[in-house]
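# Observations on chain architecture
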Amino acid sequence: TLIGETFDCNVERNLSNINTVLTNSESKENMSQISDAEGKFIYQLNAQSDFTVVANQQGRYSQTELVTTKELDRSKTLYVTLKLGVCDLQNNAAFVLKNILYDFDKSTIRPDAAVVLDNVVSIMEQNPTLKIELSSHTDSRGNDDYNLKLSQRRADAAVAYIVSKGINRNRLVAKGFGETRLVNNCGNSADCSEEQHQENRRSEFIIKEM
């Protein structure tokens, strides 16, 4: 049983009447549910399956959250809890796109990244005047100039995927920043953990026009 709450990502209070969508990652079957007066929603999950959960509401954005029941003992009653942050779309707002990963030294859109970008497509369909800048960032390891070019290829690939789903190209800008906008102190030659480097390997989008 998935027990979730939709909450305002800025003020940390629960939001009611938010449409949520649960998708089985293998079968692509969708279920939807509107959060109740306390911002809560409940789904029954199939065993040994992966799922994504998003809020799907005009004028709002949520991350694509991943949920799995694999390797869970189905002979027991299990509860999975999830807090689903929901953010207002407004000019100059910036959002990190969680769970977009690329294979080493490649810019190909993987199936797991496609699921996240599908959420961006849905948001742009619901908000037809929305224009965004989609950016890609690398960590500091490797040649600075090469990282800049790699990040541009990745941003271009993400934008091309969104356009392939029917979104007009003039609503999107692709920007690769390489390692020029690190979110921590893990610059060249810094002694950092893999988790710290991962913080810098990210994709984001900025709202340029609503």
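Every chain is numbered on its own, with residues counted from 1 as its sequence reads. Two thresholds apply to this predicted model, a pLDDT of at least 70 for residue-level local features and 80 or more for giving and counting side-chain atom pairs, whereas whole-chain, interface and lining totals are computed over all residues. Water and hydrogen atoms play no part in the side-chain values, which are based on all heavy atoms of the structure.

### Examining the packing of aromatic side chains
- Two aromatic rings, drawn from Phe, Tyr or Trp (for Trp, its six-membered ring), form a pair once their centres lie within 6.5 Å of each other, and the interplanar angle then sorts them: stacked below 30 degrees, edge-to-face above 60, tilted otherwise. Considering all chains together, one arrives at 4 aromatic pairs under this definition.
- Relative to Phe95, the ring of Tyr61 lies with its centre 4.8 Å away and its plane at 50°, an arrangement referred to as tilted. Linking Tyr61 in strand S6 (residues 60-62) with Phe95 in strand S9 (residues 94-96), this pair joins segments that are 34 residues apart in sequence.
- Since its relative accessible area comes to 2%, Tyr61 is described here as buried.
- Three labels apply to residues, based on accessible area from a 1.4 Å probe with only protein chains included: buried if under 20% of the type maximum, exposed if over 50%, partly exposed otherwise in between. On the basis of relative accessible area, Phe95 is assigned to the buried category, the value being 10%.
- Following the ring pairs from residue to residue traces out a cluster consisting of Tyr61, Phe95 and Phe205.
- In this scheme, the term charge over a ring applies when either NZ of a lysine or CZ of an arginine sits within 6 Å of the ring centre and within 35 degrees of the ring normal. The ring of Phe7 carries Lys83 above its face, with NZ or CZ at 4.9 Å from the centroid. Helix and strand definitions here come from DSSP, where helices need a minimum of 4 consecutive H or I residues and strands a minimum of 2 consecutive E residues; each element is numbered from the N-terminal end.

### Some thoughts on the sheet that holds S6
- Read from one edge to the other, the open sheet built from 4 strands follows the order S4-S1-S8-S6, with strand pairing classed as mixed. Across the chains shown, the open sheet's two edge strands, defined by having one partner strand only, are strand S4 (40-43) and S6. In this sheet, neighbouring strand axes are inclined to one another by 30° on average, regardless of whether the strands run parallel or antiparallel. At least two bridges found by DSSP between two strands is the condition for calling them paired. A fitted line through C-alpha atoms serves as each axis, taken over the contacting stretch for helices, and the angle formed by two N-to-C directions is quoted from 0 to 180°.

### Brief notes about the environment of Lys83
- In this structure, Lys83 sits in strand S8 (residues 80-88).
- For Lys83, a relative accessible area of 45% puts it in the partly exposed group.
- As a C-alpha pair, Lys83 and Asn10 span 73 residues in sequence and 13 Å in three-dimensional space.
- A polar atom in the side chain of Lys83 sits 2.9 Å from the side chain of Glu5. Whenever two N or O atoms come within 3.5 Å, that pair is a polar contact, provided that in protein one can donate a hydrogen and the other can accept it, and provided that, for residues adjacent in sequence, both atoms are side-chain atoms.

### Brief notes about the state of the cysteines
- Only a pair of cysteine sulfur atoms within 2.5 Å qualifies as a disulfide here. Evaluation of the coordinates by the stated rule reveals 2 disulfides.
- The disulfide that involves Cys9 links it to Cys87, with 2.2 Å between the sulfurs. On the criterion of sequence distance, the pair formed by Cys9 in the loop between strand S1 (2-8) and strand S2 (19-24) and Cys87 in strand S8 is long-range, its members being 78 residues apart.
- Here Cys9 falls in the partly exposed class, since its relative accessible area comes to 25%.
- Given the relative accessible area of 11%, Cys87 is considered buried.
- Between the sulfur atoms of Cys186 and its disulfide mate Cys192 the distance is 2.2 Å. With the S-S dihedral at roughly -105°, the linkage between Cys186 and Cys192 falls on the left-handed side. Of the two residues, Cys186 and Cys192, neither departs from the other in class, the shared state being buried.
- Cysteine pairing in the chain follows 1-2, 3-4, where each cysteine in a disulfide is numbered by its order in the sequence.

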